[in-house]
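Coordinate inspection notes
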Amino acid sequence: MKITRTKAFKIFFTPIWESNPISGQILGICSALAVTVQLKTAIVMSLALTFVLACSNLLISLMRKHIPRNIRIIVELTVIATLVIFADQVLKAFLYDVSKQLSIFVGLIITNCIILGRAETYALGNPPFHSLLDGIGNGLGYSQILITVGVLRELFGAGKLFGFQVIPDGFYALGYENNGLMVLAPGAFIAIGLIVWLQKTVSKE
Amino acid sequence: MENLIGIFLNSVFVGNILLAYFLGMCSFLAISRKMETAIGLGLAVTFVLSITTPVNWLVYYYLLAPGALSWAGFPGIDLNFLKFIVFIAVIAAIVQALEMIIDRYLPPLYMALGVFLPLIAVNCAILGASLFMVERNYNFIESVVYGASSGLGWMLAIITMAGIRKKLRYANVPKGLENFGISMIITGLMAMAFMLFSGITL
């Protein structure tokens, strides 16, 4: 059997493109918009979210036979909140300035609907290994959109990538201007809208 | 007083919790298809925000902040790192309690808001407002005003969106841009309109 046919492969790769959590399932948009002014914050946020999502899926899947049905949301939130506190403390210790820029958005991973959504719809009914793969796959799908938006906004908004100037001075001398709108909130909404349009058009063909 | 009016105008218009800080997007996109439900959810969010933000203020400054436990004789304890889990627990508990109280004493209000209340516990606008309240060092009165006016700002945004979407049904949207794509772009244009208020200084 080819590797592309196995179930694990499918679980891992569908959320990256076809049923992408942001553009396909419309989950977790708040943070996707807020942290993408710079590429660096977008990448750190993606890593934090992928970590929390993979671990929460794994833990909840391990406990799925012991969680009583009517208190499952509380149990899930407790697991997620614990992981988020862990991620937040690690960021504060090792990447203090990025953690300051992300401000409250690391904490808001708790209410990010991707995590609760995957826990509810996938981890509660599937074995740990597949849940872990599903978590990582969805995390990467989220990261892919975040990084695309981050590149677009930093490149066109500030002419930089990772804080280094990319667009040569000659362009500015010829009258090129940074698009200040991209750095502001409306730019984020419009950028995501256009990316989704592109993705839907491409994947239909 | 001037300060409070400033916080109010800022959180309804310029620093709108949805259009400038992107909080509560998921329910905003999902619930803005119909005007009635948009108004219901908007009211529920305003209601819950005006209660949870001040309550979380009390919890934070009397239990969690560095040195907050000095009234109990533990001045050296800093439970700041617990704020995420405590805030979300407080919010979930308040939402649950509100649901029961409204159901018992105000049945007409329950009919209007009942279905939305459970959704709200995981709306990031609610947790976000509590976290912003800590980050911006608001005092108690300011946190009351901030909570209520953020809720109003959110409600204003979702009602506007529901109105625009109603008109959008008659528009010819390109394939692939329907639903999600066009909603994002409209929200972007709305955010741009709200930014016009940022020129006003108080």
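Calculation criteria
Within any chain, residue numbers begin from 1 and follow the written order of that chain's sequence. Key to labels: chains lettered from A, ligands numbered from 1, both in the order written. Totals for whole chains, interfaces and linings use all residues, but because this is a predicted model, local features are given only for residues with pLDDT of at least 70 and pairs of side-chain atoms are given and counted only at 80 or more. Only hydrogens and water are set aside when side-chain values are computed; all heavy atoms of the structure are taken into account. The way it works is that DSSP assigns letters per residue, a run of H or I at least four long becomes a helix, a run of E at least two long becomes a strand, and they are numbered from the N terminus. The globule rule used here is 2.2 Å times the number of residues to the 0.38 power, and the radius of gyration it is set against is calculated over C-alpha atoms. Note on classification: 1.4 Å probe, protein chains only; a residue is buried when its accessible area is under 20% of the maximum for its type, exposed when over 50%, partly exposed between these limits. Pairing of N or O atoms within 3.5 Å defines a polar contact, subject to two protein rules: one partner must be a possible hydrogen donor and the other a possible acceptor, and residues neighboring in sequence count only if both atoms are side-chain atoms. We call two residues in contact whenever any of their non-hydrogen atoms come within 4.5 Å of each other. A 1.4 Å probe defines the accessible area here, and the buried area is the portion of it lost by two parts on being joined, summed over both. By definition here, a salt bridge exists when the distance from a side-chain nitrogen of Lys or Arg to a carboxyl oxygen of Asp or Glu is within 4 Å. For this classification, the nonpolar set comprises Ala, Val, Leu, Ile, Met, Phe, Trp, Tyr, Cys and Pro, the charged set comprises Asp, Glu, Lys and Arg, and every other residue, Gly included, is treated as polar. Only C-alpha atoms enter the line fits that serve as axes; for helices the fit covers just the stretch in contact. Angles between N-to-C directions range over 0 to 180 degrees. Any angle between 65 and 115 degrees counts as roughly perpendicular, while under 35 counts as roughly parallel, over 145 as roughly antiparallel, and the rest as oblique. Crossing chirality is assigned from the near helix's rotation relative to the far helix, an anticlockwise turn below a right angle marking it left-handed and a clockwise turn marking it right-handed.

When its secondary structure is counted, chain B shows nine helices and zero strands. For chain B, the sequential pattern of α-helices and β-strands runs α-α-α-α-α-α-α-α-α. Relative to the compact-globule value of 17 Å for 202 residues, chain B shows a C-alpha radius of gyration of 18 Å, a close match. Each of the three principal axes of chain B carries a C-alpha extent, and together these read 65 × 45 × 35 Å. In chain B, which comprises 202 residues, the share counted as buried stands at 49%.

A few words on the side chain of S46 of chain A. All names here are of chain A. If you trace the backbone, S46 turns up in helix α3 (residues 39-62). On the basis of relative accessibility, which here comes to 2%, the residue S46 falls in the buried class. Side-chain polar atoms of S46 contact the backbone oxygen of A42, separated by 2.7 Å. The residues touching S46, leaving out its near neighbours within four places in the chain, are Y142, S143, L146 and I147.

As a further point, take the interface of chain A and chain B. In this complex, chain A contributes 39 residues to the contact, which on the side of chain B involves 37 residues. Regarding the contact of chain A and chain B, the summed buried area is about 3200 Å², with carbon and sulfur atoms giving 85% of it. It is I104, T111 and F189 of chain A in chain A that bury the most area against chain B; as a group they hold 20% of the surface buried on that side. The interface formed by chain A and chain B holds zero salt bridges in total. Summed over the shared surface of chain A and chain B, the number is one residue pair in polar contact (both at pLDDT 80 or more). Listed by contribution, the elements that provide at least two residues to the side of chain A that touches chain B are α2 (29-34), α4 (72-94), α6 (113-121) and α10 (185-204) of chain A. Examining the composition of the side of chain A that touches chain B, we find that 12 residues originate from one element, α10 of chain A, more than from any other. Class assignment of the residues belonging to the side of chain A that touches chain B gives a composition of 27 nonpolar, nine polar and three charged.

Once that is clear, we can look at unusual backbone geometry. Residues and elements named next belong to chain B. Positive phi, normally seen in glycine, also occurs at F22, with a value near 60 degrees. Position of F22 relative to the elements: it lies in the loop between α1 (2-14) and α2 (25-31). The phi dihedral of N137 is positive, around 50 degrees, even though this residue is not glycine. Positionally, N137 belongs in the loop between α7 (124-135) and α8 (140-168).

Moving on, we come to the pattern of salt bridges. Here the idea is simple: oppositely charged side chains can pair when their charged atoms come close. Residues and elements named next belong to chain A. For the coordinates displayed, the defined rule picks out three salt bridges over all chains. Between R72 and E120 there is a salt bridge, with the nearest N and O atoms lying 2.8 Å from each other. A residue pair is termed long-range when its members are at least 10 positions apart, and R72 in helix α4 and E120 in helix α6 qualify at 48 residues. Of the residues examined, E120 reaches a relative accessible area of 28% and is grouped as partly exposed.

Residue and element names in this part refer to chain B. Two numbers describe how α1 lies on α8: the axes approach to 7 Å, and their chain directions differ by 25 degrees. One way to sum up the angle between α1 and α8 is to call them roughly parallel. The two elements α1 and α8 meet at a crossing, and its hand is right-handed. Within the contact between the two elements, α1 uses N3, L4, I7, F8, S11, V12 and F13 and α8 uses I141, E142, V145, Y146, S149, S150, L152, G153 and L156. When its residues are assigned to classes, the contact of α1 with α8 shows 10 nonpolar, five polar and one charged.

That's the geometry; what it means functionally is another story.
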